[in-house]
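# Tertiary structure, described
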Amino acid sequence: MTSRRLVLTQSAALIGATSTGLLLPAIARAQGSKVRVGLMLPYTGTYAQLGVAIENGFRMAIDEQGGKLGGREIEYFKVDDESDPSKAIENANKLVQRDKVDVLVGTVHSGVQMGIQKVARESGVLSLIPNAGVEAATRALCAPNVFRTSFTNSQPTLALGKVLMDRGHKKAVWITWKYAAGDEAFGGFKESYTKAGGTIVKELGLPFPNVEFQALLTEIAALKPDAVACFFAGGGAVKFMKDYAAAGLKGKIPLYGSGFLTEGVLDAAGPAADGIMTTLHYSDSLNTPRNHSFRLAYAKAFRSQPDVYAVQGYDTGLLLVHGANAVKGDLASKPAFYKAMETATIDSPRGKWTMSKTHNPVQDIYLRVVENRENKVLGVAAKALSDSGAGCKMV
Ligand code: BEZ
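Here, residues in each chain are numbered from 1, in the same order as that chain's written sequence. Only residues with pLDDT of 70 or above have their local features reported here, since the model is predicted, and side-chain atom pairs are shown and tallied only from 80 upward, although totals for entire chains, interfaces and linings are computed over all residues. Just so you know, side-chain values use all the structure's heavy atoms and leave hydrogens and water out.

## Side note on the confidence of the model for the chain
The condition is simple: For every residue, the predictor assigns a confidence score, pLDDT, that lies between 0 and 100. We call two residues in contact whenever any of their non-hydrogen atoms come within 4.5 Å of each other.
Considering every residue of the chain, the mean pLDDT works out to 94; 92% of them sit at 70 or more. Of the regions scoring below 50 in pLDDT, residues 1-22 engages in 8 contacts with residues more than four places distant in sequence or in other chains.

## Digging into the side chain of glutamine 363
To be explicit about the condition: Secondary structure counts use DSSP, requiring at least four H or I residues in a row for a helix and at least two E residues in a row for a strand, with both numbered from the N terminus. Only protein chains enter the calculation, and the probe is 1.4 Å; a residue is then buried if its accessible area is under 20% of its type maximum, exposed if over 50%, and partly exposed in between. Here a polar contact means two N or O atoms within 3.5 Å. Within protein one must be a hydrogen donor candidate and the other an acceptor candidate, and residues neighboring in sequence count only if both atoms are side-chain atoms.
The residue glutamine 363 is located in strand β13 (residues 361-371) in this model. Judged by relative accessible area, glutamine 363 falls into the buried class, the value being 2%. Engagement of the side chain of glutamine 363 in a polar contact is seen with the backbone oxygen of serine 150, the distance being 2.8 Å. Of the polar contacts made by the side chain of glutamine 363, one reaches the side chain of arginine 350; its length is 2.6 Å. With sequence-adjacent residues up to four places away left out, glutamine 363 is seen in contact with Ser150, Phe151, Gln155, His281, Arg350, Trp353, Ala382, Lys383, Ala384 and Leu385.

## Some words on the state of the cysteines
What we call a disulfide is simply a covalent bond connecting the sulfur atoms of a pair of cysteines. Selection criterion: Pairs of cysteine sulfur atoms within 2.5 Å are what we label disulfides.
Counting across every chain of the model gives 1 disulfide. Here cysteine 142 engages in a disulfide with cysteine 392; their sulfurs sit 2.1 Å apart. With the S-S bond torsion at 85 degrees, the cross-link from cysteine 142 to cysteine 392 turns out right-handed. Here the residue cysteine 142 occupies a position in the loop between β4 (126-129) and β5 (146-148), and cysteine 392 occupies one in the segment after β14 (374-385), the gap between them amounting to 250 residues.

## Some words on the site of the ligand
For clarity, the cut-off: The rule for a residue being near a molecule or strand is that one of its heavy atoms must lie within 4 Å of it. Each accessible area value is a Shrake-Rupley result obtained with a 1.4 Å probe; residue values ignore everything except the protein chains displayed when judging cover. When residue character is reported, Ala, Val, Leu, Ile, Met, Phe, Trp, Tyr, Cys and Pro are called nonpolar, Asp, Glu, Lys and Arg charged, and the others, Gly included, polar.
In the vicinity of the ligand there are 15 residues, among which Val108, His109, Ser110, Gly133 and Tyr179 approach most closely. Here asparagine 153 contributes a side-chain N or O atom positioned 3.5 Å from an oxygen atom of the ligand. A distance of 2.6 Å separates an oxygen atom of the ligand from a polar side-chain atom of tyrosine 179. Burial of the ligand by the protein amounts to 100% of the accessible area it has alone, namely 260 Å². Among the residues forming the shell around the ligand, the class breakdown is 10 nonpolar, 5 polar and no charged.

## Here we look at the sheet that holds strand β2 (residues 74-80)
Cut-off, in case you're wondering: Any two strands with at least two DSSP bridges between them are considered paired. The angle between two axes is taken between their N-to-C directions and runs from 0 to 180 degrees, where each axis is a line fitted to C-alpha atoms and a helix contributes only its stretch in contact.
Strand order in this open sheet of 5 strands is β2-β1-β3-β4-β5, and the pairing throughout is parallel. Because the sheet does not close on itself, it has two edges, and the strands there are β2 and β5. On average, each strand axis in the sheet is tilted by 20 degrees relative to the strand beside it, whichever way the strands run. Both strand β3 (residues 103-105) and β4 contribute to a ladder of 3 bridges, which runs parallel. Each residue of the ladder has a partner; that of valine 103, found in β4, is leucine 126.

## Topic: the pattern of salt bridges
The test is simple: What makes a salt bridge here is a side-chain nitrogen of Lys or Arg within 4 Å of a carboxyl oxygen of Asp or Glu, nothing more.
For the coordinates displayed, the defined rule picks out 23 salt bridges. Ionic pairing is found between aspartate 347 and arginine 290, a salt bridge with its closest N-O pair at 3.8 Å. Placement of the pair is aspartate 347 in strand β11 (residues 345-348) and arginine 290 in helix α12 (residues 289-302), with a sequence separation of 57 residues. You can call aspartate 347 partly exposed: its relative accessible area is 36%. In this structure arginine 290 comes out as partly exposed when scored by relative accessible area, which is 22%. Taken together, the shared-partner salt bridges connect Glu55, Arg59 and Lys78 into one network.

Quick look at the structure:
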């Protein structure tokens with residue numbers, strides 16, 4: 001090759017490298033590329049509606065930033081996890097190994113979350129939990145790269161026991177789906193109810209997502225407790241409330257629940273839900289400018305009313321935006337990125353909340369009642385409630 005041809009070849013290579021960004025420092029290159037966001041949520045099955053609301057809320061928070069994270073464009077990758085724990089590891093790896101996501105947002109079901117947790121701990125990929133309340137994720141299996149923006153399963157029900165006792169219900173039956181979410185919600189209820197002097201006369205359960213409630217409702221009628229407390233959510237919650245009313249129990253034995261019972265389902269449940277009292281970290285009717293503006297913007301964007309799942313998805317977006325802005329989009333600067341998320345105060349439609357040292361929200365729990373297809377807030381049942389984080393080695 002002549003020296004002139006060599007120079008030309010080298011200049012062409014240089015121009016090519018510059019235009020593809022190969023000569024830029026690694027950080028600048030990373031900041032110039034798109035952030036790869038994986039959404040692992042249920043889009044089918046009894047929790048399908050929950051997955052959609054979370055995605056809507058998440059996208060809304062990002063769209064408020066012009067669709068960018070710390071100045072970088074985003075590319076989304078989606079997997080329907082079907083709320084099936086047996087496919088959880090394979091599904092999480094589709095996003096982590098195949099799609100090489102920078103952040104994995106998911107999921108709803110506690111059993112599926114355990115699969116994500118394993119993949120997150122092994123790969124080190126940032127995992128943001130927008131719903132699933134399984135305690136281990138921010139207790140014994142906590143990790144620096146795992147942050148939850150929702151709750152632990154026992155948080156809402158730790159505020160429920162006293163509510164029943166204050167209303168004179170001294171004997172209660174508990175009923176739920178038998179998996180981590182229901183069992184841990186029971187843990188919170190049992191602790192708070194027995195501490196307040198209540199007696200649990202029977203703990204009833206059926207496998208997730210079974211909705212054959214009839215035999216259990218017949219048993220409740222025979223037991224004649226002062227009240228019933230429960231954990232159900234999504235499509236199964238609608239069926240439970242309707243079957244409870246159809247069995248003639250509504251109006252005779254008051255029904256209470258972890259607040260998911262009445263979230264996102266009030267149009268479908270209709271009058272069967274009226275008067276049901278629940279405890280949760282959100283209420284439709286929170287009378288704050290922040291909640292009003294969120295509800296208005298969500299209704300305009302998605303032509304539906306937001307629920308707690310939409311709020312949690314939105315807050316997941318807010319947290320990620322906060323962290324990404326702090327490092328100007330350089331998500332590889334993990335210490336600074338994670339520190340920013342750890343110390344964030346999230347100005348949420350649910351009220352301001354902070355992150356505990358084990359990466360779980362410290363938040364108010366509200367007492368609500370269903371009226372006219374709305375969860376009306378009656379007051380704060382527990383102020384700035386944090387999870388114990390027991391067994392987490394990060395603290
Ligand atoms: C859970 O599996 O952790 C869960 C599902 C729906 C609502 C709340 C918790």
